[in-house]
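A structural walkthrough
What follows is the residue order along each chain.
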Amino acid sequence: MTSKQPKRKITVEFIAPDGTKRLRSKMYDFQTLKSRIFERIIDTAPQCEPFIIPGINAYNTADYVTAFISFNKTLEKFPELYEEIEPHIYICRRVLKVKLISDDLGYEKKINAWNITNKIIRVFKKRPEIKIRCKYCGHYTPYIDPDSGFAYLGTNNCAFCGRGYPVPDFVWDGLDGQAYIYYRHSVTEEEFYREFENRYDVY
């Protein structure tokens with residue numbers, strides 16, 4: 001977001017599929033989050049599915065390079081999806097700017113070696129722990145399902161930077177997902193709230 005672009009207003013209310021206004025961070029928000037995001041995307045650009053799905057799949061597996069390229073190609077064809085995809089492009093760009101350290105490079109070397117290992121030999125070898133690059137700090141951390149555990153209890157946090165819910169998730173990292181977290185105050189680190197307020201008008 002450039003200084004010339006006004007911040008998008010993200011209020012404590014959202015428009016439900018039936019056109020009514022509902023409060024964010026409540027049970028209805030949580031229950032309808034995924035369905036209403038995808039319904040809105042398809043309603044906005046009915047022909048976008050073959051273009052956006054590869055990007056979503058790549059993003060959810062922390063393949064930031066593929067996701068970044070795919071999302072930008074989607075926007076070239078469907079610029080009306082900018083508000084839906086821009087938060088994910090922002091996160092991809094942030095991660096890809098991070099320089100990997102020796103531990104990160106060591107993990108990549110180990111997993112690459114595993115991937116080219118003969119399937120028969122794999123039977124006798126232990127697979128390396130599954131790690132992904134944290135969507136905040138960009139360093140490798142053990143994979144934790146985004147929908148499991150609680151950041152408040154330290155059960156879904158990055159092993160490197162400690163921030164909550166480090167695994168990328170298309171739904172939670174979109175505007176509605178981040179707004180749910182913001183208004184529910186679902187994470188402990190103040191960085192999330194500062195970043196959200198810097199990017200969006202919450203007043």
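That block above? That's the structure.
An account of the accompanying structure is given in this report. Model, not experiment: these values are computed from the prediction.

So, the overall build of the protein
Helices and strands together make up the secondary structure of the protein, namely eight helices and six strands. Start at the N end of the protein and walk to the C end: the helices and strands fall as β-β-β-α-α-α-α-α-α-β-β-α-α-β. Relative to its length of 203 residues, the protein is compact, with a C-alpha radius of gyration of 18 Å against a globular reference of 17 Å. Across its three principal directions, the C-alpha atoms of the protein cover 60 × 40 × 35 Å. The buried share of the protein, taken over its 203 residues, is 43%. In the protein, the proportion of contacts linking residues at least 24 apart, taken out of those at least 6 apart, comes to 53%. Entry remark: accessible area of the protein is about 11,900 Å², with carbon and sulfur atoms responsible for 56%. In the protein, 31 side chains carry a positive charge and 27 a negative one; their mean positions are 5 Å apart.

Overview of the nonpolar core
Within the largest apolar cluster, 44 residues are counted, with the highest numbers of intra-cluster contacts made by Ile52, Phe71, Leu81 and Phe170. Taken together, the elements giving at least two residues each to this core come down to helix 1 (27-44), helix 2 (49-60), helix 3 (64-77), helix 4 (82-96), helix 7 (175-184) and helix 8 (190-199). Other than its neighbours up to four places away in sequence, Phe71 contacts Ile52, Gly55, Ile56, Tyr59, Ile85, His88, Ile89 and Phe170.

Here's the deal with the side chain of His139
Examined against the element boundaries, His139 turns out to sit in the loop between strand 4 (131-133) and strand 5 (140-142). Judged by relative accessible area, His139 falls into the buried class, the value being 8%. Here Asp104 takes part through its side chain, which lies 2.6 Å from a polar atom of the side chain of His139. What His139 contacts, discounting residues up to four positions off in sequence, is Val98, Lys99, Ile101, Asp104, Ile132, Arg133, Cys134 and Phe160.

Quick look at the state of the cysteines
Enumeration according to the criterion identifies zero disulfides in this entry. Not part of a disulfide, Cys137 finds its nearest cysteine sulfur in Cys158, a span of 3.8 Å. Its sulfur unpaired, Cys161 is 3.7 Å from the next cysteine sulfur, which belongs to Cys158. Of the residues examined, Cys161 reaches a relative accessible area of 32% and is grouped as partly exposed.

With respect to the environment of Pro54
Summarising the element assignment, Pro54 is placed in helix 2. Residues Pro54 and Thr66, spaced twelve residues apart in sequence, show a C-alpha to C-alpha distance of 8.5 Å. Each residue touching Pro54, except ones within four places of it in the same chain, is listed here: Glu49 and Ser70.

Thoughts on the packing of aromatic side chains
Within a pair of aromatic rings, the relevant descriptors are the distance that separates the centres and the angle that separates the planes. Within this structure, the stated rule accounts for 16 aromatic pairs. Judged by centre distance (5.0 Å) and plane angle (50°), the rings of Phe196 and Tyr200 are tilted. By way of ring pairs, the aromatic residues Tyr182, Tyr183, Phe192, Tyr193, Phe196 and Tyr200 are connected into one cluster. Against the face of Phe14 rests Arg36, its NZ or CZ located 3.9 Å from the ring centre. Over the face of the ring belonging to Tyr136 we find Arg163, whose NZ or CZ atom lies 3.8 Å from the ring centre.

Regarding unusual backbone geometry
The backbone of Ala62 shows a phi angle near 65°, a positive value even though the residue is not glycine. Residue placement: Ala62 occurs in the loop between helix 2 and helix 3. Of note in this structure, Tyr165 is not a glycine but carries a positive phi near 55°. Of note, Tyr165 is situated in the loop between strand 5 and helix 7. Note on Tyr165: relative accessible area 17%, which makes it buried.

Conventions used here
Residues numbered from 1 in each chain as written. Predicted model: local features only at pLDDT ≥ 70, side-chain atom pairs only at ≥ 80, totals over all residues. Heavy atoms only, no water. Helix = DSSP H or I, 4+ residues; strand = E, 2+ residues; numbered from the N terminus. Rg over C-alpha atoms; globule rule 2.2 N^0.38 Å. Buried < 20%, exposed > 50% of the residue type's maximum accessible area, 1.4 Å probe, protein only. Contact = heavy atoms within 4.5 Å. Areas by Shrake-Rupley, 256 points an atom, 1.4 Å probe, with all protein chains shown as cover. Lys, Arg positive; Asp, Glu negative; His and termini not counted. Charge placed at Lys NZ, Arg CZ, Asp CG, Glu CD. Core = buried A, V, L, I, M, F, W, Y, C linked by side-chain atoms within 4.5 Å. Polar contact = N/O pair within 3.5 Å; in protein donor to acceptor, adjacent residues only side chain to side chain. Disulfide = S-S within 2.5 Å. Phe/Tyr/Trp six-rings, centres within 6.5 Å; stacked < 30°, edge-to-face > 60°. Lys NZ or Arg CZ within 6 Å of the ring centre and 35° of its normal.

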